[in-house]
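Topology and contacts: notes
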Amino acid sequence: MRKFKIPEIPKTTNKCIRFPNDVIDEVEATIVGKDCTFSAFVIEAVRVALENLKEDEQQENG
């Protein structure tokens, strides 16, 4: 069983990026009625993309 650890809030840095309007509209429509912000959605999407890239690289090298 995994031990409980009090989570630490990660340090953040403000980055200003431009999104195409259609992407903004689609993300905002997706998170309507959910307990999720635009930033949280984008951060999770980037994390998943990075994980997928690492897995692809491991499969290519493995």
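Our structure's up above, just so we're on the same page.
In this report, we go over the structure that sits alongside the text. (Residues numbered from 1 in each chain as written. Predicted model: local features only at pLDDT ≥ 70, side-chain atom pairs only at ≥ 80, totals over all residues. Heavy atoms only, no water.)

1. Focus on the environment of Glu44
Put simply, the test is: Helix and strand assignments follow DSSP, with helices taken as H or I runs no shorter than four residues and strands as E runs no shorter than two, numbered in order from the N terminus. Only protein chains enter the accessibility calculation, which uses a 1.4 Å probe; a residue is then buried when its area is under 20% of its type maximum, exposed when over 50%, and partly exposed in between.
For Glu44, the position within the fold is in helix 2 (residues 38-61). The class for Glu44 is partly exposed, based on a relative accessible area of 43%. As a C-alpha pair, Glu44 and Arg18 span 26 residues in sequence and 17 Å in three-dimensional space.

2. Focus: the environment of Val23
Within the element layout of this structure, Val23 appears in helix 1 (residues 21-31). Residue Val23 is classed as partly exposed on the basis of its relative accessible area of 32%. Spatially, the C-alpha atom of Val23 lies 28 Å from that of Ile9, the residues being 14 residues apart in sequence.

3. Quick notes on the layout of surface pockets
Empty space among the atoms becomes apparent when a probe as large as a water molecule is rolled across them. Applied cut-off: Think of a 1 Å grid over just the protein atoms. A cavity is a set of points where a 1.4 Å probe fits yet cannot get out, a pocket is an open set with protein on both sides within 12 Å along at least five of seven lines, and lining residues have an atom within 4 Å of a point. Grid points are joined across faces, edges and corners, and a volume is the space filled by probe spheres set on the points. Under the convention adopted here, Pro, Cys and the residues Ala, Val, Leu, Ile, Met, Phe, Trp and Tyr are nonpolar, Asp, Glu, Lys and Arg are charged, and Gly plus all remaining residues are polar.
Empty space within the largest pocket amounts to approximately 440 Å³. Along its surface, the largest pocket is lined by 14 residues, and Thr12, Thr13, Ser39, Val42 and Ile43 are the ones closest to its centre. The residue makeup of the lining of the largest pocket, split by class, is seven nonpolar, four polar and three charged.

4. Quick look at the environment of Leu50
Position of Leu50 relative to the elements: it lies in helix 2. Residue classification places Leu50 among the partly exposed positions, given a relative accessible area of 47%. Separated by 15 residues in the primary sequence, Leu50 and Asp35 place their C-alpha atoms 24 Å from one another.

5. With respect to the packing of aromatic side chains
How we decide: Any two rings among Phe, Tyr and Trp, with Trp reduced to its six-membered ring, count as a pair given centres within 6.5 Å; such a pair is stacked if its planes are under 30 degrees apart, edge-to-face if over 60, and tilted if neither.
Evaluation of the coordinates by the stated rule reveals one aromatic pair. Look at Phe19 and Phe38: their rings are 5.3 Å apart centre to centre, the planes differ by 90 degrees, and that puts the pair in the edge-to-face class. Of this pair, Phe19 sits in the segment before helix 1 while Phe38 is found in helix 2, placing the two residues 19 residues apart along the sequence. Residue classification places Phe19 among the partly exposed residues on the basis of a relative accessible area of 26%. Given the relative accessible area of 22%, Phe38 is considered partly exposed.

6. Re a nonpolar patch on the surface
Going by this rule: Patch definition: residues with relative accessible area over 30% and no salt bridge; like charges joined within 9 Å; nonpolar side chains (Val, Leu, Ile, Met, Phe, Trp, Tyr) joined within 5 Å. Surface accessibility follows the Shrake-Rupley procedure with a 1.4 Å probe radius. Residue values consider only the protein chains on display as shielding. Salt bridge, as used here, is a side-chain nitrogen of Lys or Arg placed within 4 Å of a carboxyl oxygen of Asp or Glu.
On the surface, a nonpolar cluster with roughly 280 Å² of combined accessible area is contributed by Val46, Leu50 and Leu53. In this structure, Val46 sits in helix 2.

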